[in-house]
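Remarks on the overall topology
Each chain is listed here by its residues.
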Amino acid sequence: MEKRQMLKEFEIQFAGLKVGEHNFDFQIDRLFFDCIEYSDIEDGEFTVSLKMQKEASMLLLDFEINGDLISTCDRCLDPVRYPVELEEQLIVKFSDDDEQSDDEHLYFIPTDEHTLNVSQMIYELIRVCVPLTVTHEEGECNQKMIEQLERAKPQKEDDVDPRWNKLKELINKENK
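The present account deals with the structure reproduced in this document. Owing to the predicted nature of the structure, the values given are computational and were not obtained by experimental measurement.

Here the focus is the overall build of the protein. Of regular secondary structure, the protein possesses 5 helices and 7 strands. The C-alpha atoms of the protein give a radius of gyration of 23 Å, which is well past the 16 Å a tight globule of 176 residues would have. Split into buried and exposed, the 176 residues of the protein put 29% on the buried side. Excluding contacts between residues fewer than 6 apart, the proportion of contacts in the protein whose partners are at least 24 apart in sequence is 59%.

In this section: the sheet that holds strand β6 (residues 106-109). The strands making up a sheet associate through hydrogen bonds between their backbones, and the pairing can be parallel or antiparallel. Strand order in the open sheet formed by 5 strands is β2-β3-β4-β5-β6, with mixed pairing between adjacent strands. Every interior strand has two partners, whereas the edge strands, β2 (20-28) and β6, have only one. For this sheet, the mean inter-axis angle between neighbouring strands, taken without regard to orientation, is 20 degrees. Inspection of the sheet shows β2 paired to strand β3 (residues 43-54) by 9 bridges, in the antiparallel sense. Pairing of Gln-27 across the sheet is with Thr-47, part of β3.

What follows is about unusual backbone geometry. You will see that Tyr-38, though not glycine, has its phi angle at about 65 degrees, which is positive. For Tyr-38, the position within the fold is in the loop between α2 (30-35) and β3. For Tyr-38, a relative accessible area of 74% gives the class exposed.

There is a patch of like negative charges on the surface, built from Asp-96, Asp-97, Asp-98, Glu-99, Asp-112 and Glu-113. Along the chain, Glu-99 turns up in the loop between β5 (79-94) and β6.

A word on the packing of aromatic side chains. Within this structure, the stated rule accounts for 6 aromatic pairs. Considering the side-chain rings of Phe-33 and Tyr-123, the 6.5 Å spacing of their centres and the 65 degrees angle between planes classify their relative orientation as edge-to-face. In this pair, Phe-33 sits in helix α2 while Tyr-123 sits in helix α3 (residues 119-128), placing the two residues 90 residues apart along the sequence. Assigned by exposure class, Phe-33 and Tyr-123 land together as buried. Feature note: the residues Phe-10, Phe-26, Phe-32, Phe-33, Phe-46 and Tyr-123 constitute an aromatic cluster, connected by ring pairs.

So, how was this worked out
Residues numbered from 1 in each chain as written. Predicted model: local features only at pLDDT ≥ 70, side-chain atom pairs only at ≥ 80, totals over all residues. Heavy atoms only, no water. Helix = DSSP H or I, 4+ residues; strand = E, 2+ residues; numbered from the N terminus. Rg over C-alpha atoms; globule rule 2.2 N^0.38 Å. Buried < 20%, exposed > 50% of the residue type's maximum accessible area, 1.4 Å probe, protein only. Contact = heavy atoms within 4.5 Å. Pairing = 2+ DSSP bridges. Axes fitted to C-alpha atoms, helices over the stretch in contact; angles between N-to-C directions. Patch = residues over 30% accessible without salt bridge, like charges linked within 9 Å, V, L, I, M, F, W, Y side chains within 5 Å. Areas by Shrake-Rupley, 256 points an atom, 1.4 Å probe, with all protein chains shown as cover. Salt bridge = Lys/Arg side-chain N within 4 Å of Asp/Glu carboxyl O. Lys, Arg positive; Asp, Glu negative; His and termini not counted. Charge placed at Lys NZ, Arg CZ, Asp CG, Glu CD. Phe/Tyr/Trp six-rings, centres within 6.5 Å; stacked < 30°, edge-to-face > 60°.

Structure follows, in structure tokens:
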């Protein structure tokens, strides 16, 4: 099945909805991240609750996202679960101009638009929560891998490949 088709469930037909509050629930898993183009998140399990307040000239989207990001530990390379809990509000304004905003919470769509696909918004909200390094809690890493890393680490300064010393000399000359 085509990726765009799989993300259809995240499309909200707001044109036929009355002004007021509307609620939507979504389940996110590995398949969702596979469908997002250029996603650097491989897996996760999330529930997304979306409260949409429809107004005449805008949509107020209140997201509540809870779940676990499943990633690779940067230390031992075993899978690790990273909990994510967030609440965020995004504003979608209707405009016929090609408006753009520096505000990451503000989106513009044409006034003749009838649907809004929130999949990319959900992805970006989850992505912002991912830390630069994902590791197990202290003591929870794969001990065999940690032991192998310790054995591979140079024990003394003399054990370092001499070519690295030559590179350090070049860098030091440039900095003087």
